[in-house]
Amino acid sequence: MKVDVLLGLQWGDEGKGKVVDVLTPRYDVVARFQGGPNAGHTLEFEGQKYVLRSIPSGIFQGDKVNIIGNGVVLDPALFKAEAEALEASGHPLKERLHISKKAHLIMPTHRVLDAAYEAAKGDAKVGTTGKGIGPTYTDKISRNGIRVGDILGDFDTIYAKAKARHEEILKSMNFEYDITEIEKEWMAGIEYLRQFPLVDSEHEINALLKDDKSVLCEGAQGTMLDIDFGSYPFVTSSNTVCAGACSGLGVAPNKIGNVYGIMKAYCTRVGSGPFPTELFDETGDKLCTLGHEFGSVTGRKRRCGWIDLVALKYSIMINGVTHLIMMKSDVLDTFETIKACVAYRINGVETENFPYSIEGEVEPIYAELPGWQCDMTKMTSEDEFPEEFNNYISFLEEELEVPIKIVSVGPDRDQTIERYME
Ligand code: GDP
Ligand code: IMO
Ligand code: MG
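The shown structure was predicted, so the numbers you read here are calculated from the model rather than taken from an experiment.

Engineer: I'd love a proper account of the overall build of the protein chain, names of residues and values included.
Structural biologist: When helices and strands are counted, the protein chain shows 11 helices and 20 strands. For 422 residues, the compact-globule estimate of 2.2 N^0.38 gives 22 Å, and the C-alpha radius of gyration of the protein chain, at 21 Å, lies within 12% of that figure. Here the C-alpha coordinates of the protein chain stretch approximately 65 × 50 × 40 Å along the principal axes. For the protein chain, the residues scored as buried account for 57% of the 422 residues in total. Residue pairs at least 24 apart in sequence account for 76% of intrachain contacts in the protein chain once pairs closer than 6 positions are excluded. Accessible surface, the protein chain as shown: approximately 17400 Å² in total, 50% of it carbon and sulfur. The averaged location of the 65 negative side-chain charges in the protein chain is 6 Å from the averaged location of its 44 positive side-chain charges.

Engineer: Let's hear about helix H7 (residues 201-210): which residues, and what values?
Structural biologist: Taken together, the buried positions of H7 are Ser201, Glu202, Glu204, Ile205, Leu208 and Leu209. Along the axis of H7, the buried positions cluster into a sector of 165°, meaning they face one direction only. Away from the buried face of H7 by more than 90 degrees, exposed residues His203 and Lys210 are located. Immediately beyond the C-terminal end of H7, within one or two residues, lies Asp212, with a positive phi of roughly 65°.

Engineer: Go over the site of ligand 1 with me, naming the residues and quoting the values.
Structural biologist: If you check the shell around ligand 1, you find 20 residues, and the closest are Lys16, Thr42, Ser296, Asp330 and Ser408. One nitrogen or oxygen atom from the side chain of Ser296 is found 2.8 Å from an oxygen atom belonging to ligand 1. Isolated, ligand 1 exposes 580 Å² of accessible area, and the fraction of that covered by the protein chains is 94%.

Engineer: How would you explain the layout of surface pockets if you had to name every residue and give the values?
Structural biologist: Taken as a whole, the second largest pocket encloses approximately 540 Å³ of empty space. Of all the elements in the fold, those that place two or more residues in the lining of the second largest pocket are helix H1 (16-23) and strand E3 (41-45). Classifying every residue of the lining of the second largest pocket gives 5 nonpolar, 11 polar and 10 charged.

Engineer: Let's hear about empty space enclosed by the protein: which residues, and what values?
Structural biologist: Left-over empty space is what a probe sized like a water molecule reveals as it rolls over the atoms. Under the defined criterion, the tally for this structure stands at 1 cavity of 30 Å³ or more. In this structure, the largest cavity occupies an estimated 40 Å³ of space. Leu9, Gln10, Trp11, Met224, Cys267, Asp308, Ala311, Leu312 and Ser315 together form the lining of the largest cavity. Counting residues per element, the lining of the largest cavity draws most heavily on helix H10 (residues 309-319), at 3 residues. Here the residues of the lining of the largest cavity are counted per class, giving 6 nonpolar, 2 polar and 1 charged.

Engineer: Tell me about the pattern of salt bridges, and name the residues and values.
Structural biologist: Tallying each qualifying case throughout the model produces 27 salt bridges. Note that Arg345 is salt-bridged to Glu363, the shortest N-O span being 3.0 Å. Here Arg345, found in strand E16 (residues 337-346), pairs with Glu363, found in strand E18 (residues 362-370); they are 18 residues apart in sequence, far enough to count as distant. Put simply, Asp13, Lys264, Glu293, Arg302 and Lys328 are held in one network by salt bridges that share partners.

Engineer: Break down the environment of Met317 for me, citing the residues and quoting the values.
Structural biologist: Positionally, Met317 belongs in helix H10. Sequence separation of Met317 and Leu400 is 83 residues, and the distance between their C-alpha atoms is 9.7 Å.

Engineer: Outline the site of ligand 2, supporting the account with residue identities and numerical values.
Structural biologist: As a matter of local geometry, ligand 2 sits amid 21 residues, with Asp13, Lys16, His41, Thr129 and Thr236 nearest to it. Within the contact set of ligand 2, an oxygen atom lies 2.7 Å away from a backbone nitrogen or oxygen of Asp13. Backbone polar atom of Gly40 to an oxygen atom of ligand 2: 2.9 Å apart, as the coordinates give it. In isolation ligand 2 has 550 Å² of accessible area, and contact with the protein removes 98% of it. Looking at side-chain class alone, the shell around ligand 2 contains 8 nonpolar, 10 polar and 3 charged residues.

Engineer: Which residues make up the side chain of His104, and what are the values?
Structural biologist: Relative to the helices and strands, His104 resides in strand E8 (residues 104-105). Setting aside residues up to four positions removed in sequence, His104 forms contacts with Asn70, Val72, Val73, Leu74, Thr136, Lys140, Gly145, Ile146 and Arg147.

Engineer: Any chance you could break down the packing of aromatic side chains for me, citing the residues and the numbers?
Structural biologist: Considering all chains together, one arrives at 16 aromatic pairs under this definition. Aromatic pair Phe79 and Phe196: ring centres 5.1 Å apart, planes at 70°, arrangement edge-to-face. Separated by 117 residues along the polypeptide, Phe79 in helix H2 (residues 76-88) and Phe196 in the loop between helix H6 (180-193) and strand E9 (198-199) bring together distant segments of the chain. When the ring of Phe385 is compared with that of Phe389, the centres are 4.8 Å apart and the planes differ by 80°; the resulting orientation is edge-to-face. Here the two residues Phe385 and Phe389 agree in accessibility, since each one is buried. Ring pairing ties together the aromatic residues Trp372, Phe385, Phe389 and Tyr392, which thus form one cluster. The cationic tip of Arg413 hangs over the ring face of Phe45; the distance from NZ or CZ to the ring centre is 3.8 Å.

What counts and what doesn't
- Residues numbered from 1 in each chain as written.
- Chains lettered and ligands numbered in written order.
- Predicted model: local features only at pLDDT ≥ 70, side-chain atom pairs only at ≥ 80, totals over all residues.
- Heavy atoms only, no water.
- Helix = DSSP H or I, 4+ residues; strand = E, 2+ residues; numbered from the N terminus.
- Rg over C-alpha atoms; globule rule 2.2 N^0.38 Å.
- Buried < 20%, exposed > 50% of the residue type's maximum accessible area, 1.4 Å probe, protein only.
- Contact = heavy atoms within 4.5 Å.
- Areas by Shrake-Rupley, 256 points an atom, 1.4 Å probe, with all protein chains shown as cover.
- Lys, Arg positive; Asp, Glu negative; His and termini not counted.
- Charge placed at Lys NZ, Arg CZ, Asp CG, Glu CD.
- Arc of directions from axis to C-beta.
- Near = heavy atom within 4 Å.
- Polar contact = N/O pair within 3.5 Å; in protein donor to acceptor, adjacent residues only side chain to side chain.
- 1 Å grid on protein atoms, 1.4 Å probe; cavity = no way out; pocket = protein on both sides within 12 Å on 5 of 7 lines; lining within 4 Å.
- Points joined across faces, edges and corners; volume = space filled by probe spheres on them.
- Nonpolar A, V, L, I, M, F, W, Y, C, P; charged D, E, K, R; others polar.
- Salt bridge = Lys/Arg side-chain N within 4 Å of Asp/Glu carboxyl O.
- Phe/Tyr/Trp six-rings, centres within 6.5 Å; stacked < 30°, edge-to-face > 60°.
- Lys NZ or Arg CZ within 6 Å of the ring centre and 35° of its normal.

Right, here's the structure in full:
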């Protein structure tokens, strides 16, 4: 058996959590492969709304095993709060949430370092989620990180050494902070972690595949936030692309099956950095209002704009997307005209190729399509799609050269329509 990978094609918040939840019944296992509590994956069903940060979005469907892979960075304090809230709401998970011993731990001082680096950048700040993601991955790459497996050894010594390193850096930056309280919560989180199966997830996943079990890998963030291929330096610090599933779970490239690429019917971005199709007018405000475009965790207002096919083609290429999933089409229900960026004009030259940098003067060139102007939120089958919507989908499929297999018409689990899915 191969693993299927589901990931974001834009700047995150495409609706990954919702679709992972919808697809989970078809899989034996769901596994997160990168990122950490910078993610906020929203699921809605039976009138309830849940936002997951470190726990995979397969946790609500039956008793499926969910895995936090080695590529993830884990904050024990935030993890404890998240897991306890789920357990309290009637979703026991201790036995079926497996955590890789090779996942790196986000320390309280990583969070402080995140804040200190952002403050030092001034106006050029990335606009991070403040969860210590960058500093934790930095320590991992510079071989100074601490891992979940370390809590099984002489953890106090390992922790003290790493903390002392951070304190020295923070002192040299003259950055004031007090972690007394969060360190207490963090240590309680470490004890809490011990109650979960701490596993060699690369062995576990490969054994499952050998046993013909199916695995869905859940990405966090989106391709435009990838450390290598995103709008650097306004990116996150992990590989959010399909290859990240290989390194973040220990799955060989020839074990990758379907790659589900998720996009909104328009586009959003939160934090700083370039966004060629961003709208600063009332159309942008309308997208924000109708789409409730505010961060699932931070509450930050998301910047909104039209769909960007230049960027999407690039994302599809990097990830080898086999199936597209289009989210939030209902948000466009009342628009008379819908625009899609088909090329950029940079210094007077038109290009359909995603350039080295999208900073500076990148003028989007738009195709315009008529809107469908009807309520799609109660539709349950593609037979009900209005003609203009079918035209929009056909246009996107022709441009992107990948079939759109799922269309989402609302936040609820049930507001999901499959199109000729095998
Ligand atoms: P993720 O990080 O990719 O999982 O996405 P988020 O949860 O951060 O953001 C997606 C938001 O859109 C959430 O509030 C979802 O409940 C909501 N959502 C998902 N699909 C749809 C949809 O088809 N229509 C509408 N209106 N909202 C949706
Ligand atoms: P999900 O999984 C949207 C953005 C931050 C910032 C940049 C770096 O819910 O789609 P970081 O804290 O990772 O160092 O921040 O990346 N960012 C996200 N934007 N959705 C996310 O996750 C994000 N995770 C990080 O806003 O611009
Ligand atoms: Mg999100």
